[in-house]
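# Close look at the chain arrangement
Chain residues, written in single-letter form:
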Amino acid sequence: MAKTKKELILDTALTLFAEKGYDATPTSQIAKVAGVSEGLIFKHYISKENLLEAVVKAGYRRITERSKKSVEENDPAKLISNVLDMPQKLVEDERDFWRMQFRMVDEEVAQRHHQRYLNSVKKKLNEAFRKLGHKEPELETEILMLLVEGLWRAYLTNEDKKHFTKMLDLIKAKFINE
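Residues numbered from 1 in each chain as written. Predicted model: local features only at pLDDT ≥ 70, side-chain atom pairs only at ≥ 80, totals over all residues. Heavy atoms only, no water.

The name recorded for the protein chain in an unreviewed UniProt entry is TetR family transcriptional regulator, from Pontibacter mucosus.

## Quick word on the overall build of the protein chain
Test applied: Strands here are runs of E lasting at least two residues and helices are runs of H or I lasting at least four, both read from the DSSP assignment and numbered beginning at the N terminus. Relative accessibility thresholds used throughout: buried, under 20% of the residue-type maximum; exposed, over 50%; partly exposed, between the two (1.4 Å probe, protein chains only). Whether two residues are in contact is decided by their heavy atoms: any pair within 4.5 Å suffices.
Broken down by element type, the protein chain carries 9 helices and 0 strands. Projecting the C-alpha coordinates of the protein chain onto the three principal axes gives extents of approximately 60 × 35 × 30 Å. The buried share of the protein chain, reckoned over its 178 residues, is 45%. By sequence separation, contacts in the protein chain at least 24 residues apart represent 69% of the contacts at least 6 residues apart.

## Observations regarding unusual backbone geometry
Unlike most non-glycine residues, Ile46 shows phi in positive territory, near 70 degrees. Judged by relative accessible area, which is 64%, Ile46 ranks as exposed.

## Brief notes about the side chain of Glu140
Put simply, the test is: The convention is simple: Lys and Arg are positive, Asp and Glu are negative, and His and the chain ends are not counted. Every case where a carboxyl oxygen of Asp or Glu lies within 4 Å of a side-chain nitrogen of Lys or Arg is listed as a salt bridge.
Mapped onto the elements, Glu140 comes out in helix H8 (residues 137–157). Nearest to the buried, unbridged Glu140 among oppositely charged side chains is Lys135, at 10.0 Å. The contacts of Glu140, once residues within four sequence positions are left out, are Phe129, His134 and Phe175.

## Considering empty space enclosed by the protein
Put simply, the rule reads: Grid spacing is 1 Å over the protein atoms alone, the probe is 1.4 Å, and a cavity is where that probe fits but cannot get out, while a pocket is an open set with protein on both sides within 12 Å along at least five of seven lines and lining residues have an atom within 4 Å of a point. Grid points are joined across faces, edges and corners, and a volume is the space filled by probe spheres set on the points.
If you walk through the whole model with that rule in mind, you get 1 cavity of 30 Å³ or more. In terms of lining, the largest cavity is formed by 13 residues, of which the most central are Leu90, Trp98, Tyr117, Val148 and Trp152. Elements that contribute at least two residues to the lining of the largest cavity include exactly helix H5 (76–93), helix H7 (108–131) and H8.

## Some details on the UniProt feature "domain: HTH tetR-type" (unreviewed entry) in the protein chain
Worth spelling out the cut-off: UniProt positions are given in the numbering used here, feature names are shortened, and annotations may be inferred rather than shown by experiment.
In this structure's numbering, the residues bearing the UniProt feature "domain: HTH tetR-type" (unreviewed entry) are residues 3–63. Taken end to end, residues 3–63 is 79% helix and 0% strand, and its first and last C-alpha atoms sit 20 Å apart.

## Some words on the UniProt feature "DNA-binding region" (unreviewed entry) in the protein chain
With numbering aligned to this structure, UniProt lists the feature "DNA-binding region" (unreviewed entry) at residues 26–45. Taken end to end, residues 26–45 is 80% helix and 0% strand, and its two terminal C-alpha atoms sit 14 Å from one another.

## Here we look at the confidence of the model for the protein chain
Detailed reading of the predicted model is not advised wherever pLDDT is low. Defined as follows: Confidence of the prediction at every residue is given by pLDDT, a number between 0 and 100.
Of the residues in the protein chain, 99% have a pLDDT of 70 or more, and the chain-wide mean is 93. Here helix H9 (residues 161–176) is the element of the protein chain with the lowest mean pLDDT, 91, and helix H2 (residues 27–34) is the one with the highest, 97.

## Considering the environment of Pro87
With respect to the helices, strands and loops of the structure, Pro87 is situated in helix H5. Separated by 69 residues in the primary sequence, Pro87 and Leu156 have C-alpha atoms spaced 8.8 Å apart. With residues near it in sequence (within four places) discarded, Pro87 still touches Val148, Leu151 and Trp152.

## Side note on the packing of aromatic side chains
Rules: Two aromatic rings from Phe, Tyr or Trp, using only the six-membered ring of Trp, form a pair when their centres are within 6.5 Å; if the ring planes differ by under 30 degrees the pair is stacked, by over 60 it is edge-to-face, and anything between is tilted. We count a charge as sitting over a ring when the NZ of a lysine or the CZ of an arginine lies within 6 Å of the ring centre and within 35 degrees of the ring normal.
Applying the stated rule across the entire model yields 8 aromatic pairs. Residues Phe129 and Phe175 carry aromatic rings whose centres are separated by 6.1 Å and whose planes lie at 55 degrees to one another, so their mutual orientation is tilted. Of this pair, Phe129 sits in helix H7 while Phe175 is found in helix H9, placing the two residues 46 residues apart along the sequence. Aromatic rings pair up to connect Tyr60, Phe97, Trp98, Tyr117 and Trp152 into one cluster. The residue whose ring lies beneath Lys48 is Tyr22, and the NZ or CZ to ring-centre distance is 4.4 Å.

## Examining the side chain of Asn82
With respect to the helices, strands and loops of the structure, Asn82 is situated in helix H5. Among all residues touching Asn82, those that are not within four sequence positions of it are Ser70 and Glu73.

And the structure:
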């Protein structure tokens, strides 16, 4: 199915924001690469900031949809394993999105949507740790989420996937097989 011009603008903006960063990507370049007029970008998004918001929202919608089944797991140990697998799976599926997020780590719009996504995962993890009988499920969840943050960044930036797999296996052994 052919993409609409609005979708093409979003996809192009994502690619360029991932490659060059938000600040270094003028809307004129997005328009040129997308093959549309710069005016069309402003017609659809009004401002570059609104375009960024739309790119981030669309990315998190896709990620939420892709990870939904993983976080709806009823077996607590399997849920924890699924959450630990998510960084690799999500980066593989949405490399440009995570490259953009990596570049925009201090941007309010990126943080806001990232936290909203993580909060839904944290609720499920708290419940899983509680079911497994952990004395401090909230603290366990906080520690695990810090590891997940590090894992997606490590997977995105490290070429040694075997080393990543070894780290992931060690983390799983510590959290799941305690």
